[in-house]
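Tertiary structure, described
What follows is each chain in one-letter form.
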Amino acid sequence: MQKIGVFVCWCGSNIAATVDVKAVVDAVSHEPGVVYATDYQYMCSEGGQSQIRQAIKDFGLTGIVVCSCSPRMHESTFRKTAISAGLNPYMVEIANIREQCSWIHKDREDATEKAIILARTAVAKLNLNRPLTPGESPVVKRALVIGGGIAGIQSALDIAEAGYEVDIVEKSPTIGGKMAQLDKTFPTLDCAACILTPKMVDAASNENINLYTYSEVEDVSGFVGNFTVKIRKKARSINADICSGCGVCTEKCPSRKAKDEFNMGLSNRGAIYIPFAQAIPNVPVIDREQCIKFKTGKCGLCEMNCPAGAIDFKQQDELVERQYGAIIVATGFKPISLENFDEFSYSQCPDVITSLELERIMNAAGPTKGKLLRPSDNTPPRTMVFVQCVGSRDTSGCGKTYCSKICCMYTAKHAMLIKEKYPDIDVHVFYIDVRTPGKNFDEFYRRAVEEYGVNYIKGMVGKVAERNGKLLVQGSDLLADDQIIIEADMVVLATAIEPDESARNLATMLTASIDTNDFFTEAHPKLRPVESPTAGVYLSGVCQGPKDIPETVAQASAAAAKVIGLLAKDKLRSNPCVASSNEMLCNGCSTCENVCPYGAISYVSKEIRSAGKMEVRRVAEVNEAICQGCGACTVVCPSGAMDLKGFTNKQIMAEVDAICR
């Protein structure tokens, strides 16, 4: 029989205001195996932990139950306390009487009764616990960053500066991401390229950073400290090792029908192209769907004119397999599709554009060389209307329910830049609310209103329609309680942002969690904001949720710091709560192998004594270094051969029995 101590935390008034902690202590003190029970105001404090250590010593406790908050919050805290007192850390059970009890019940009697049941359940399980010893696995001293935007670049630079090798995988032909498409950045209005380009150059020149551009992650296996990743390097049809980036091939290409993705389709590009002047690597790529040579077998002007002989039409995709100790996800975002927002006439009227398209128009390297011109007829606009929250904070089901966070600020930026350069243009902004929570953000917005005279109208736009070369913008002015119509020359839609389309597939490969909007979910929103619930996988930038550039860079460096801390270790302790197979019960059906998301289960032929004689049988074998203890195999095993250490079938049934008493 175990000698168990139960420690009930008040958590200030979080628990004690709803749960009668004294009644819980009294109830569990009579449970089998319990030799000591007490309560304390803050059990996670130094005083509370000292009380636990002293009780372990005085009563010779073999296990402890802490009735407190979620195990996600303080399980590691109490396990460290147990270790310091000489107790196996896996002889610690947490009864979550805060999140699962006091926070959701208003009636004190109901909350107290449930808290007693949860404590009783933890005691029942602990009576069947056995000390577990974690294994060890080596750490590969290399990191992978998926995504080459500002978040991925910053994370990679920080890791590389710490002396560790890091690979950046970017699906585009160049690193830089969405920030490379911007003209100016708020709230300082400094040039985006002036900030980003030096970092791109640093990443390319750093001896610890390897760039895999025009590449995608195809498969991920393994576990924290030892991931195996397959990277598909798509064929550029260019030999990058000998290409000088002179640009002769791009000038000679006769195919000019492809829409330029970097300029948001506002201009055309050749079939062989470099995305933008500062692209890194400065190596062209051939779009095989547009290339005349690939479509008809003719042309080849780029090959004939290339002075370095770098054109290689026979080049094939290459599959690279590498090992990594940690992975950072920095896949970024994209603007949402406007196909569900026909009321704004985006698909019908070329002068209705998105904010990112306006960025390219206003950029000196953009399709109009920085001149603000209407896409329909290349004439300067006299009146412009900005529409906020297009697809953000949407409850109709057409857009996103969340706030995209950056739209209010970049609209104020656009309005100020336009009024600065073209003071005669009338600028109107329709908004629901103006949200400016960052440092110096509200002052920035006030400048747009007070210094530049931008007309902010609180209300929503119901319809945009084209008539006689003008855009009629019908909206409401809630402050004036009036319906208004503005004749505009251009309408700019501040569209919602969403995760890159690769997020869902990548999350499956990484066994990482995503929310209903496909943003990656952090392990804990407060205590572990840059860590994925999957060990060894970290989050950087907008893949985790909408954020601006300063916040993105801060999170990127935070993720890098976590990776550096992991790579600094030679070995990692693995979780001992892993699956195990009873060879005498296993019937070799492969059901557990098929459901294991980590590939930790394989089958081997073993000679086993059964019914007094030796026979060769096919049985399951678990690789404990790979197993993450998810328990899927134990659920599907028809013979009951698979069990989970620390959460055995007997322990689970003991908990059920304790609840039903």
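From a predicted model like this one, the values you see are computed outputs, not experimental measurements.

**Considerations on the overall build of the chain**
When its secondary structure is counted, the chain shows 19 helices and 34 strands. Judged by the C-alpha coordinates and their principal axes, the chain covers about 85 × 65 × 45 Å. For the chain, with 661 residues in total, the buried portion stands at 51%. By element, 50% of the accessible surface of the chain is carried by carbon and sulfur atoms, the whole surface being about 29,900 Å². Averaging the locations of the 72 positively and 78 negatively charged side chains of the chain gives two centres separated by 3 Å.

**Points about the pairing of strand 21 (residues 383-390)**
When you tally the buried positions in strand 21, you get 8 out of 8 residues, the bulk of the element. Relative to strand 22 (residues 426-431), strand 21 runs parallel, the two being bridged by 5 bridges. Bridging across to strand 22, F386 finds its partner in V429. With helix 13 (residues 407-421) bridging strand 21 and its parallel neighbour strand 22, the resulting β-α-β unit is right-handed. Pairing between strand 21 and strand 27 (residues 490-495): 5 bridges, direction parallel. Among the inter-strand pairings, V387 is bridged to a residue of strand 27, identified as L493.

**Side note on the pattern of salt bridges**
Evaluation of the coordinates by the stated rule reveals 38 salt bridges. The partner of K171 in a salt bridge is D500, and the shortest N-O contact between them spans 2.9 Å. Residue K171 is found in the loop between strand 7 (165-170) and strand 8 (184-185), and its partner D500 is found in the loop between strand 28 (497-499) and helix 15 (503-510); the two are separated by 329 residues along the sequence. K171 sits in the partly exposed class, given a relative accessible area of 30%. A residue is classified by how much of its surface remains accessible, and D500, at 9% relative accessible area, is buried. Residue R446 is joined to E450 by a salt bridge in which the shortest nitrogen-to-oxygen separation is 2.7 Å. A residue pair is termed a helical-turn pair when its members lie 3 or 4 positions apart in one helix, as R446 and E450 do in helix 14 (residues 441-450) at 4 residues. Taking the relative accessible area as the measure of exposure, R446 reaches 30% and is therefore partly exposed. A relative accessible area of 57% places E450 in the exposed class. When salt bridges that share partners are traced, they join D351, R374, D377, K470 and D489 into one network.

**Section: the packing of aromatic side chains**
The final tally for this structure, using the stated rule, is 9 aromatic pairs. Between F7 and Y36, the ring centres sit 5.8 Å apart and the planes meet at 55°, which makes this aromatic pair tilted. Taken as a pair, F7 in strand 1 (residues 4-9) and Y36 in strand 2 (residues 34-40) lie far apart in primary sequence, 29 residues in all. Between Y445 and Y456, the ring centres sit 5.1 Å apart and the planes meet at 80°, which makes this aromatic pair edge-to-face. In this pair, Y445 sits in helix 14 while Y456 sits in strand 23 (residues 455-458), placing the two residues 11 residues apart along the sequence. Accessibility classification places Y445 together with Y456 in one group, the buried group. Joined through ring pairs, the aromatic side chains of F7, Y36 and F59 make up one cluster. In this structure, K125 is placed above the aromatic ring of F647, and the distance from its NZ or CZ to the ring centre is 4.5 Å. Sitting over the ring of Y273, R269 keeps its end group 3.9 Å from the ring centre.

**Considering unusual backbone geometry**
Geometrically, the link from F186 to P187 is a cis peptide bond, its omega value of 0° lying close to zero. Looking at the element boundaries, P187 is found in the loop between strand 8 and strand 9 (190-191). Of note, the bond from I280 into P281 is cis; its omega dihedral lies within 30 degrees of zero at 0°. Residue position: P281 is located in the loop between strand 15 (272-273) and strand 16 (285-286).

**A few points about the domain arrangement of the chain**
According to the domain assignment, the chain contains domain 1 (4-126), domain 2 (142-234 + 317-332 + 500-567), domain 3 (248-305), domain 4 (334-498) and domain 5 (579-645). Counting from both sides, the interface comprises 19 residues of domain 2 and, opposite them, 24 residues of domain 4. Approximately 1,900 Å² of surface area, both sides summed, lies buried where domain 2 meets domain 4, with 66% of it carried by carbon and sulfur atoms. Interface area lost by domain 2 to domain 4 is led by D183, F186 and P187, which between them contribute 29%. Counting the contacts that link domain 2 with domain 4 gives 1 salt bridge. If you look at where domain 2 meets domain 4, you find 5 residue pairs in polar contact (both at pLDDT 80 or more).

**Some thoughts on the nonpolar core**
I159, V166, I209, V563 and L567 are the most contacted members of the largest nonpolar core, which has 40 residues in total. Those elements that place two or more of their residues in this core are strand 6 (142-146), helix 7 (150-161), strand 7, helix 8 (192-205), strand 18 (326-329) and helix 16 (549-567). Here this core takes 7 residues from helix 7, the largest share from any one element. Here V166 is in contact with A143, V145, A156, I159, A160, N208, I209 and N210, once residues within four sequence places are set aside. Of all hydrophobic cores here, the second largest spans 38 residues; its members include A55, V65, V92 and I94.

**Let's talk about the sheet that holds strand 7**
Where strands meet in a sheet, backbone hydrogen bonds hold them as pairs that are either parallel or antiparallel. The 5 strands are arranged 10-7-6-18-29 in an open sheet whose pairing can be described as parallel. With partners counted over all chains shown, the strands left at the sheet margins are strand 10 (209-213) and strand 29 (537-539), one partner each. Ignoring strand direction, the axes of neighbouring strands in this sheet form an average angle of 20°. Two strands pair when backbone bridges link them, and strand 18 and strand 29 are joined in this way by 3 bridges, in the parallel orientation. What sits directly across from I328, in strand 29, is Y538.

**Describing the state of the cysteines**
The final tally for this structure, using the stated rule, is 0 disulfides. In this model C249 remains outside any disulfide bridge; the closest cysteine sulfur is found in C246, 6.2 Å from its own. With no disulfide of its own, C660 has C101 as its nearest cysteine by sulfur position, at a separation of 17 Å. The exposure class of C660 is exposed, given its relative accessible area of 64%.

**Digging into the sheet that holds strand 24 (residues 461-467)**
Spatially, 24-25-26 is the arrangement adopted by the 3 strands of the open sheet, whose pairing is antiparallel. At either margin of the open sheet sits one strand with a lone partner, and together these are strand 24 and strand 26 (482-488). Taken over all neighbouring pairs, the strand axes of this sheet differ in orientation by 20° on average, direction set aside. Across 7 bridges, the pairing between strand 25 (residues 470-477) and strand 26 is antiparallel. Of the residues in strand 26, the one forming a bridge with L472 is E487.

**Digging into helix 12 (residues 355-362)**
For helix 12, the tally of buried residues reaches 8 of 8 residues, placing the bulk of the element in the interior. Turning to helix 12, its buried residues are S355, L356, E357, L358, E359, R360, I361 and M362. At its buried positions, helix 12 is contacted by strand 8, strand 19 (333-335), strand 20 (352-354), strand 21, helix 13 and strand 27.

Rules of the game
All residue numbers here refer to positions counted from 1 along the written sequence of the relevant chain. Reporting of local features is limited, given that this is a predicted model, to residues whose pLDDT is at least 70; pairs of side-chain atoms are given and counted only at 80 or more, and all residues count toward the totals for whole chains, interfaces and linings. Side-chain numbers come from the whole structure's heavy atoms, not from hydrogens or water. Strands are runs of DSSP state E lasting at least 2 residues, helices are runs of H or I lasting at least 4, and numbering of each runs from the N terminus. Residue exposure (1.4 Å probe, protein chains only): buried if accessible area is under 20% of the type maximum, exposed if over 50%, otherwise partly exposed. Per-residue and other accessible areas were derived by the Shrake-Rupley procedure at a 1.4 Å probe size, with only the shown protein chains allowed to occlude residues. In this tally, Asp and Glu contribute negative charge and Lys and Arg positive charge; neither His nor the terminal groups of the chain are included. Charged side chains are reduced to one point each, which is NZ for Lys, CZ for Arg, CG for Asp and CD for Glu. A pair of strands counts as paired when DSSP detects no fewer than two bridges linking them. By definition, the crossover connecting two strands over a helix is right-handed if that path, from the first strand to the second, turns clockwise as seen with the strands pointing away from the viewer. Note on definitions: salt bridges are taken to be side-chain nitrogens of Lys or Arg within 4 Å of carboxyl oxygens of Asp or Glu. Here a pair means two rings of Phe, Tyr or Trp (six-membered ring of Trp) with centres within 6.5 Å. Their orientation is stacked below 30 degrees between planes, edge-to-face above 60, and tilted elsewhere. Working rule: Lys NZ or Arg CZ, within 6 Å of ring centre, within 35 degrees of ring normal, means a charge sits over the ring. Where each domain begins and ends is defined by an automated method or by a domain database. The contact criterion used throughout is that any non-hydrogen atoms of two residues lie within 4.5 Å. As a working definition, buried area equals the accessible area (1.4 Å probe) given up by two parts on being put together, with both sides summed. Any N or O atom pair separated by 3.5 Å or less is treated as a polar contact, with the protein-specific requirement of one donor-capable and one acceptor-capable atom, and with residues adjacent in sequence counted only for side-chain atom pairs. Residues belong to one nonpolar core when they are buried, are Ala, Val, Leu, Ile, Met, Phe, Trp, Tyr or Cys, and are joined through side-chain atoms within 4.5 Å. Interaxial angles span 0 to 180 degrees and are taken between N-to-C directions of axes, which are lines fitted to C-alpha atoms, for helices over the stretch in contact. When two cysteine sulfur atoms lie within 2.5 Å, the pair is treated as a disulfide.

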